[in-house]
Amino acid sequence: MEAPAIFTEAEVYQRSFNPQAYLKEFYTMTDSQEGANVFLMQNLSSLHKMFSLDGLRGDTLIDVGCGPTIYQLLSACEHFQEITALDYTDQNRRELEKWLKNEAGAFDWVPVVKYVCELEGDREKWAEKQEKLRKKVKQVLKCDVTKANPTDPVSLPPADCIVSTLCLEGACKDLPTFRSALRNIGTLVKPGGHLVMLTVLEETYYAFNEQVFSCLHLEKHEVEEAVEAAGFEVKFSKVQPMSVADARTDCSGVLSLVAHKRASVT
């Protein structure tokens, strides 16, 4: 499979991104999905480690580019009291709300929740964790990371932490846009607060459901430099190489990164 020749614009996501197909493809933990499972479990483990770091605590957390997923909030919800989830596409937000409201037909996250509970030491706390997360997500809003205020026309008070997983590399057509998007989402976090990221490296496409979506090819140093330029200091940065070949993507690995927002941005 080859990368699309052109950048996948936001309107394409809004028009044709299928959240149910995406969830089924990448977040169903079954024996037949070895590549997807390894990728997901590595990311869950990375998030668990990052949210266990000193200082990653607070009242408010904003998830930038949540998609239709909750996996990125399972470790986070133990350390923050109120969560706001942001995504560009209407259907992703609807799919997420379906799970939050425990509606019929919502995606079954139980195997993933159990895995995270196992990382935390008690697999049997999965039902309790689901309930906790449902209570803590207070709102689900539209966002556009290319805007100076990503939640425009809504203005959110800056949060103690922002988390963004596998989002900006799909939303940004080039490195200047990526750097600008990081500055934009940086405004959503308080000085002294944290940024937690999972970013795929050296990826030009990902595919599912017979659709191919473009991705910005990023190197580790480019992500770190963009984070620093957005007013943050990188505290933790680690690459997890792709250990299983997967035709649905050409990424070489995933960068886990935690950064601290400097008190004054010069």
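Residues numbered from 1 in each chain as written. Predicted model: local features only at pLDDT ≥ 70, side-chain atom pairs only at ≥ 80, totals over all residues. Heavy atoms only, no water.

Quick notes on the sheet that holds strand S5 (residues 189-201)
The strand order across the open sheet formed by seven strands is S3-S2-S1-S4-S5-S9-S8, and the pairing between neighbours is mixed. Edge positions in the open sheet fall to strand S3 (137-142) and strand S8 (232-241), since each of these has one partner strand only. Between one strand axis and the next, the sheet turns through 15 degrees on average, direction left out of account. Bridge analysis of strand S1 (residues 58-64) against strand S4 (residues 159-165) gives three bridges, and the strand direction is parallel. (Pairing = 2+ DSSP bridges. Helix = DSSP H or I, 4+ residues; strand = E, 2+ residues; numbered from the N terminus. Axes fitted to C-alpha atoms, helices over the stretch in contact; angles between N-to-C directions.)

Regarding the pairing of S4
With seven of seven residues buried, S4 is to be regarded as a mostly interior element. In terms of strand pairing, S4 meets S5 through six bridges, oriented parallel. The residue of S5 that forms the bridge with Val163 is Val196. (Buried < 20%, exposed > 50% of the residue type's maximum accessible area, 1.4 Å probe, protein only.)

Looking at the side chain of Glu169
Positionally, Glu169 belongs in helix H7 (residues 168-171). Lacking a salt bridge, the buried Glu169 has Arg179 as its closest oppositely charged neighbour, with an N-O distance of 15 Å. If we ignore the near neighbours within four places in the chain, the residues touching Glu169 are Leu198, Thr199, Val200, Cys215, Leu216 and Leu218. (Lys, Arg positive; Asp, Glu negative; His and termini not counted. Salt bridge = Lys/Arg side-chain N within 4 Å of Asp/Glu carboxyl O. Contact = heavy atoms within 4.5 Å.)

A closer look at the packing of helix H5 (residues 110-119) against helix H6 (residues 126-136)
Their axes nearest at 9 Å, the elements H5 and H6 cross at an angle of 105 degrees. With respect to their mutual orientation, H5 and H6 come out roughly perpendicular. Here Val110, Val113, Lys114, Val116 and Cys117 of H5 come into contact with H6, specifically with Trp126, Lys129 and Gln130. When its residues are assigned to classes, the contact of H5 with H6 shows five nonpolar, one polar and two charged. (Parallel < 35°, antiparallel > 145°, perpendicular 65-115°, else oblique. Nonpolar A, V, L, I, M, F, W, Y, C, P; charged D, E, K, R; others polar.)

As for the UniProt feature "binding site: S-adenosyl-L-methionine" (unreviewed entry) in the chain
In the UniProt entry, the feature "binding site: S-adenosyl-L-methionine" (unreviewed entry) is given for Tyr22, Tyr27, Tyr71, Asp87, Asn92, Asp144 and Val145. Judged by maximum C-alpha separation, these annotated positions cover 124 residues in sequence and are scattered in space, the widest gap reaching 24.2 Å. As for its position among the elements, Asp87 is in strand S2 (residues 80-87). For Asp87, a relative accessible area of 7% gives the class buried. Residues in contact with Asp87, not counting those within four places in the same chain, are Gly65, Cys66, Gly67, Asn92, Arg93, Leu141, Lys142 and Cys143. Polar side-chain contacts of Asp87 include one of 3.1 Å to the side chain of Asn92. Considering the arrangement of structural elements, one finds Asn92 in helix H4 (residues 90-100). Not counting chain neighbours up to four residues away, the residues in contact with Asn92 comprise Phe17, Pro19, Gly67, Pro68 and Asp87. (UniProt positions renumbered as here; feature names shortened; annotations may be inferred. Polar contact = N/O pair within 3.5 Å; in protein donor to acceptor, adjacent residues only side chain to side chain.)

What to know about the nonpolar core
The nonpolar side chains of soluble globular proteins are, as a tendency, buried together. Counting 49 residues, the largest nonpolar core has Tyr27, Phe51, Leu61, Trp109, Leu133 and Val196 as its most contacted members. Sort the elements by how many residues they give to this core and helix H3 (residues 34-51) lands first, with six residues. Among residues more than four places away in sequence, those in contact with Leu61 are Phe51, Leu73, Ala76, Phe80, Glu82, Ile83, Thr84, Ala159, Cys161, Ile162 and Val163. If you look at the next biggest cluster of nonpolar residues, it comprises 31 residues, including Phe178, Ile185, Val227 and Ala230. (Core = buried A, V, L, I, M, F, W, Y, C linked by side-chain atoms within 4.5 Å.)

Observations regarding the pattern of salt bridges
Counted according to the given criterion, the structure contains 13 salt bridges. Between Lys129 and Glu120 there is a salt bridge, with the nearest N and O atoms lying 3.0 Å from each other. Residue Glu120 is classed as partly exposed on the basis of its relative accessible area, which comes to 34%. Note that Glu233 is salt-bridged to Lys235, the shortest N-O span being 3.7 Å.

Re unusual backbone geometry
The omega torsion of the bond from Asp152 to Pro153 falls at 10 degrees, within 30 degrees of zero and hence cis. By the element assignment, Pro153 lies in the loop between S3 and S4. Unlike most non-glycine residues, Glu202 shows phi in positive territory, near 55 degrees. Position of Glu202 relative to the elements: it lies in the loop between S5 and strand S6 (205-208). By relative accessible area, Glu202 is classed as partly exposed at 30%. Here Asn209, not a glycine, exhibits a phi torsion of approximately 55 degrees, which is positive. For Asn209, the location among the structural elements is in the loop between S6 and strand S7 (211-214).

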